Each structure stands twice: as structure tokens, then as C-alpha cells.
Amino acid sequence: MNIQLNGRSIDLPDNVTTVLELLDSYDIKKKISVVEHNKEIIRRFDYEKAKLADGDKIEIVHFVGGG
Amino acid sequence: MAERYSRQERFAPIGKEGQALLAEKHVLIVGAGALGSANAEMLARAGIGRITIIDRDYIEWSNLARQQLYTEEDAASSRAKAKAAEARLKAINSTINVEGIAEEFDPENAELLLKDVDILIDGTDNFNTRFIINDAACKYKIPWIYGGCVKSDGISLSILPGQTPCLQCLIDQLPQDIETCETAGIIGPAVQVTAAYQTAECLKFLTGHSMSTHLVSFDVWGRQYSSIDVVKLKDPHCASCSDDAQFPYLKKEKGIRTAVLCGRNTVQVRPGRKENVNLERLAQRIEPFAGEARVNEVLLRFHMEEKRFVVFKDGRTLIHGVEDVQEAKKLYHRYVEA
Ligand SMILES: [Zn+2]
């Protein structure tokens, strides 16, 4: 399936079907992030339930601490 | 001199009126590292009437690649960042008031520092201090602008206490194992873009415009950009910004306090209460045993047991070459407190 991730078109492998799996595939599951799924913010405990569909728009912002 | 701000005044959202407002404002910048330097320079050039910049650290060679206010001479003499920043900012703009404070921003001095401040800019490099800033800003209702950067990534959020979500609303626990500039690296462009977002928001606020409620992040190397409106994430039960806030990070600790400066192989040790240490006398006492004891305007540095010690006037001590807190305390008792 194909999604828009932070404004870019991305082809997802078949084993990535939820927001949690998406975060995991980018190795940022453990980081503190804010995720927007089709303009709705998803709470952390809902990442696993949030199913991805073809054409979905996802924005992911993760917090960084340096400066 | 009237020419000085002419281009900024020509920018319609600011104008002559906005410029006059900037001259009356007071900005507190916490941290004078990369983000603090970049924000401070832009704000000084922009003609903010009063800038206070506080920092607990001193300048090292590894800072020069991105901390734009400092020179080789500053690194060679381990100058306190706050003092070097003050001197440089005054040289950039002699018509404004600039004060550099070589201390840590902490629950003890937060109230005094936030007095008469219009807005606070985050120039720190760690979440411990950011959560203290967040609580203090929420308690005294001072807007603040979070900024963070590492590698080629950056992030920023404007926080208007009581109206928009605070850091605690978005992050309910102190992030662990986070990448730091020391461990993961950092490039100057990531600093500049982050600081640009922060300063732009600051100028908006100070000239009477509303700040954005979007959390913005980017990767300046990979050319990624993302922006999420987080206004709905304001937590009505937040421990920091709700009506029944407890301000958990403003609780004052008693006794000696330590902090591991992550990724730097350094422990900071602080005495239970601030006291004026006579650095010259301390230097004389340890001189016979220590390598290269040197004193400058705010700190003393020396080598001992293959560790590098930096003692500030208020007793706060950085011990480089140690990661164990207990060992650091022992060294502190043995050489600094004695
Ligand atoms: Zn909050």
C-alpha cells in the first residue's frame, strides 16, 4: 500500500499495517512522537489499533532533546 | 542610527510600531549553547530592548563548529558561555541591555529570573531543564518557545501557558535514552533552522501577533518537513498547566545534588545551598597536588586523579572523566568542599 508520510509518497511493505508497525519500521517506536493520521492526532495507546489504508496521510514528529 | 532597523520596519507585519514594541521587551534565553547563541544573536540584532541569557557551562573547542557567538580565544580560556555571550551581544548591539548569568536555571532562581520577562526562549540541550522551564513558565504565566535539534533534525513549539498545550501535555514522562549532540552529532544548519523558527515566533509574539499552535519538525539534510496542529492535546488534568497544577519539577531538593550530563562522561555536583566559593583560595590550596589550576572571571579548572574539574563561583562543579554519581560525590568532597 502507498501512503503520504510527512508529505512524501511511501510504498509500505505488506507487514506494515498499523501506525505502531509504521513507527517500528522507522525505528522510532520508543521515541516520544506525535502522530497525525488523516488530520486526526492518534494517542500513543491507540497506535496499535490505528489501521493504515492506501492513500492515508500520516505526519510523524518525534521529540529531540539536543541544542 | 535610525537606519538600523529600517529593513525590519519595512517588513509589513512588524513596521515602525512593531519595532518600537521590540525595544520595550525583555527576553530570557535559557542556555547559551548552539540554539541559545543563534537565537540571542538574531534577537540582539533585531533590537530587543533587554536580553538576559543564563548558562551553566563554559566554552570548549567542540562548541566552535556551531555555537556562533564564541571564538578560539574563548575556548582556549574556558570562558563561561554566559559571560562570552554577553560581551559578544553587546558588541553586536550596544543600544540594548544584555546580561549574561553564569548559573544553572533551576527551581531556586526561576521565579526571580522570570520577573519582568515577556517571553522565554529554550536554548537548552536537555529535557531535565526544559521541564523546569515548562513548570516555571506555567506557574508564572510566561510564554516560552521550545526548540531542540540533533543530527540534521530540529523541532519547535510555542507554548502559551493556560491557552495552548505545554510540554508536559505532550510528553508525560522524561524521555529516556534520547540522542544527544554529543552521542549522535549535530550540524550547524539544523541549529540555524530550529533557531529561525524560535526567533520568528518570538518576534511575532512581541509585536502583538499570535504564535502558531503547530509542532514543527524537519530534517534539513534529508529535506523532510512536518507540522502538526497540537492545540487539541492540551490536557485538562496536566500536572503543569491545568488549574490544579502541582508543578512537579519545581520541587526544591535538599542536600547535595548531582546530574549526569548525558553523552559527556561528566557529572555535575551542586552544594545544598549556593555559596560564594573563593576560587583563588581554592586554587592555592589544591595547586600543590593538581595539574594546571587556572582561574578566570567565574570559574576554576584543574586536573586531579586524571579527572578534569571545573568549579564555578557558586560551588557548582563539573567533573569530567567520571560517570558514576557516587564517585563524583567523593571527588567533590575530597577536593572542592574540603
Ligand atoms: Zn500542560
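Our structure's up above, just so we're on the same page.
Model, not experiment: these values are computed from the prediction.

Student: Account for the coordination of the zinc ion, with residues named and values stated.
Tutor: Residues and elements named next belong to chain B. Around the zinc ion, the protein contributes the donor atoms Cys166 (SG), Cys169 (SG), Cys238 (SG) and Cys241 (SG), which lie 2.2 to 2.3 Å from the metal centre. In this structure, the zinc ion is surrounded by four donor atoms whose angles at the metal cover 100 to 119°, and the resulting shape is tetrahedral. Within one chain, the residues donating to the zinc ion are spaced in sequence as C-x2-C-x68-C-x2-C. Note that Cys169 is positioned in helix α8 (residues 167-170) and Cys241 in the loop between β8 (224-229) and β9 (257-261), a separation of 72 residues in sequence.

Student: Tell me about unusual backbone geometry, residues and numbers included.
Tutor: All names here are of chain B. Positive phi outside glycine occurs at Asp116, with the angle close to 65°. Tracing the sequence through the fold places Asp116 in the loop between α6 (110-114) and β4 (119-122). The backbone of Glu305 sits at a positive phi, close to 50°, despite the residue not being glycine. Summarising the element assignment, Glu305 is placed in the loop between β12 (299-304) and β13 (307-312).

Student: Before we move on, could you go through the sheet that holds β12 of chain B and cite the residues and values that matter?
Tutor: Residue and element names in this part refer to chain B. The strand order across the open sheet built from six strands is β9-β10-β14-β13-β12-β11, with neighbouring strands paired in antiparallel fashion. A single partner strand is all that each edge strand has here, and the edge strands are β9 and β11 (291-295). Mean inter-strand twist for the sheet, computed between neighbouring axes without regard to direction, equals 15°. Sheet topology note: the β12/β13 ladder contains six bridges and is antiparallel. Considered in β13, the bridge of His303 is made with Arg308.

Student: Describe the pairing of strand β10 (residues 266-270) of chain B, and please don't skip the residues or the numbers.
Tutor: Residue and element names in this part refer to chain B. For β10, the tally of buried residues reaches five of five residues, placing the bulk of the element in the interior. Residues Thr266, Gln268 and Arg270 of β10 are buried on one face, and the alternating residues Val267 and Val269, pointing to the opposite face, are buried as well. Direction of pairing for β9 relative to β10: antiparallel, over a ladder of five bridges. Residue pairing across strands places Ala259 opposite Gln268, the latter belonging to β10. Adjacent in sequence and paired antiparallel, β9 and β10 are bridged by four residues, among which Gly263 carries a positive phi angle near 80°. Both β10 and strand β14 (residues 317-320) contribute to a ladder of four bridges, which runs antiparallel. Bridging across to β14, Gln268 finds its partner in Leu318.

About the criteria used
Residues numbered from 1 in each chain as written. Chains lettered and ligands numbered in written order. Predicted model: local features only at pLDDT ≥ 70, side-chain atom pairs only at ≥ 80, totals over all residues. Heavy atoms only, no water. Donors = N, O, S within 2.8 Å, 3.2 Å for Na, K, Ca; no water. Tetrahedral: all angles 85-135°; square planar, octahedral: opposite > 155°, others 65-115°. Helix = DSSP H or I, 4+ residues; strand = E, 2+ residues; numbered from the N terminus. Pairing = 2+ DSSP bridges. Axes fitted to C-alpha atoms, helices over the stretch in contact; angles between N-to-C directions. Buried < 20%, exposed > 50% of the residue type's maximum accessible area, 1.4 Å probe, protein only.

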